[in-house]
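# Topology and contacts: notes
Listed below, chain by chain, are the residues.
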There are 2 protein chains.
Amino acid sequence: MFENKGRTEIEQLGEFGLIEHLTKHFEIKNSSSVKGIGDDAAVLNFENKKTLISTDLLLEGIHFDLAYTPLKHLGYKAVQVNLSDIYAMNGTATQITVSIGISSKFPLEAVEELYQGISIACEKYGVDLVGGDTSSSKQGLVISVTSIGFAEEDKICYRNGAQEGDLLCVSGDLGGAYIGLQLLEREKGIFLENPNIQPDLEGKDYIVERQLKPEARKDIVEALELMKIKPTSMIDVSDGLASEILHLCKQSNKGCSLYEDKIPIDPMTYDTARDFGLDPTVCALNGGEDYELLFTVSQNDFEIIKNNPDISIIGHITEPAAGCHLISKSQKVHELKAQGWNAFKKSV
Amino acid sequence: MFENKGRTEIEQLGEFGLIEHLTKHFEIKNSSSVKGIGDDAAVLNFENKKTLISTDLLLEGIHFDLAYTPLKHLGYKAVQVNLSDIYAMNGTATQITVSIGISSKFPLEAVEELYQGISIACEKYGVDLVGGDTSSSKQGLVISVTSIGFAEEDKICYRNGAQEGDLLCVSGDLGGAYIGLQLLEREKGIFLENPNIQPDLEGKDYIVERQLKPEARKDIVEALELMKIKPTSMIDVSDGLASEILHLCKQSNKGCSLYEDKIPIDPMTYDTARDFGLDPTVCALNGGEDYELLFTVSQNDFEIIKNNPDISIIGHITEPAAGCHLISKSQKVHELKAQGWNAFKKSV
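Owing to the predicted nature of the structure, the values given are computational and were not obtained by experimental measurement. (Residues numbered from 1 in each chain as written. Chains lettered and ligands numbered in written order. Predicted model: local features only at pLDDT ≥ 70, side-chain atom pairs only at ≥ 80, totals over all residues.)

## Here we look at the interface of chain B and chain A
Counting from both sides, the interface comprises 57 residues of chain B and, opposite them, 56 residues of chain A. Ranked by the residues each element gives to the side of chain B that touches chain A, the list is headed by strand S3 (residues 50-59) of chain B, at nine residues. Its residues assigned to classes, the side of chain B that touches chain A comprises 23 nonpolar, 20 polar and 14 charged. Bridging between strand S3 (residues 50-59) of chain A and strand S2 (residues 42-44) of chain B involves three bridges; their strand directions are antiparallel. Residue pairing across strands places A:Ile53 opposite B:Ala42, the latter belonging to S2(B). (Contact = placed C-beta atoms within 7 Å. Helix = DSSP H or I, 4+ residues; strand = E, 2+ residues; numbered from the N terminus. Nonpolar A, V, L, I, M, F, W, Y, C, P; charged D, E, K, R; others polar. Pairing = 2+ DSSP bridges.)

## So, helix H2 (residues 71-87) of chain B
Here H2(B) is 17 residues long and its end C-alpha atoms lie 24 Å apart, about the 24 Å a rise of 1.5 Å per residue gives. The buried count for H2(B) comes to 16 of 17 residues, which makes it a mostly enclosed element. (Expected span 1.5 Å × (residues − 1). Buried ≥ 20, exposed ≤ 12 C-beta atoms within 10 Å, placed from the backbone.)

## What about the sheet that holds strand S11 (residues 311-318) of chain A?
All names here are of chain A. Pairing is mixed in the open sheet, where seven strands are placed in the order S8-S10-S7-S11-S9-S12-S13. Edge positions in the open sheet fall to strand S8 (233-237) and strand S13 (333-335), since each of these has one partner strand only. Each adjacent strand pair in this sheet contributes to an overall mean axis angle of 25 degrees, direction not counted. Two elements, strand S9 (residues 255-259) and strand S12 (residues 324-327), share four bridges in a ladder whose sense is parallel. Paired with serine 257 across the strands is histidine 325, a residue of S12. Lying over the sheet, helix H7 (residues 241-252) contacts strand S7 (167-171), S8, S9, strand S10 (292-297) and S12, oriented at roughly 155 degrees with respect to S8. (Axes fitted to C-alpha atoms, helices over the stretch in contact; angles between N-to-C directions.)

The following block contains the structure:
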């Protein structure tokens, strides 16, 4: 896809030249970033706050398909996926490191696009790129991002704090990223069969963006702070709602009741799921990659939280012996099971 | 290589099962590790000290060759390579995260060996495994390690603090890892031509270990502390002595004189280099992967540092206009140039 543009081979720059070239436009914005790129390690200053660290590895052919993923979006998404973990601790994300492995099929211009996406994400979310590693790869594109942030000790939300009677809440809407992926996969299949047919994604921007360009919910962490609500437990929705609810309940040693009719699903997600012959609820429960925040709050916070249009109350926490259940629209009670997104089974 | 042993397919465990299986024997040893594996992010407490972060990506076929690299050694080395960066800041390494991508050719038993090596390194160096990510890979083995540590602000050694007149020092000896690699590559070539010939590494343990199982120089950081010496600048030797000296001089805006006859080279490295028709000095200058510490100290520290048998004084820092020079054994002056280890050119 870069054949027709100017093509600069990466070998011409070498490792240090490449890092310098890719990162020279990145500015340090946070006072906690004492020293960024250019030494053996980054130096960060969180004073007496706690340091938060999370890391993710994204591999071509497993986590992304370059047939329909623009590199700029991919860079943006790689950062979002990671920041989401810091927000899920109720923390402030302040730094990332990015390591990439690049096969020789990529010219410099391709890597620049990837870093443009990383740069836009850093800019928008106020995080500094403070380190990383670049290497050639025999194995397609490899991206490893580590995100770093901080939180005051009494603000940190773990997965294990849910209490009986707590309200189960989720931000945004669910299932869109999964349906967006189905759409992209279908169009890829059609294109491979007949390269003259152009992809038909018209009017499907929202769900395609949910897949290609997710947004970590920094705004929800800020909204909770403004509402003076500290969730009793929190996790981000990367593997599907069911899997995440089961994580919270298992680690908190609690049960839960989840109401199908309360699960937020965007109309476009709903309709497109139906077009594919899929149950929209199943897409929300098992689809994954939504990067919304799932959390529990005390019932005392109900009056405050119910007015936030971006947060849905989808159930409540019960005693452990009650187990985890989904109450369907027809009032049937099903045991909640996770299929989740399994990087060891899926193959894009 | 795992055909004859018990072979457990990784899919049977799934992603969460795999992480739990691999990490359940890892213990948290540092009080700074508030929360390790099992939440969205690790939570660390460095009180008023500065946080140090460094990350490296290791890719099969680029950074390691499984034809002669035992997985246990590889896990150990992946940790050492990273810790070395924290020590190069004069810091204390306390945590790591490890992400791996594994192709389906690896059974669980192989990944267990890799984690055994990681575990031994964590144990020996007193660091906690606090997070990571596992995924399948279409493309061989991918390992990404992030190391985290801390230092008091006034103890941190950057690359840019070298002063005119400072002594240029290096720990241990150099070139061994590179010569070890040449030996392993030669034996691999012989084996591929005739699989009945077993590798002949007899008596070469030291240089083979330098390549396969390097040790980060935590002991040197501790020795400097005991000697009450704070280097004016420091870097670890991962890309070859010449490249690292040039980094220090460039970032400190200084020149230097390096004396060939002072460069520490182990006799086995020296002799084996000669057997290969290589100049041992060139191996030390450009070989890389030694993971020794290169640092500068004030001349006032000479009387203390000269007695440490594990530290060699190899030159001194000069004014920037003088440039960087190597003074050969025959007293000829050469401009110091780095070829270094370039992950974009090398192919194992």
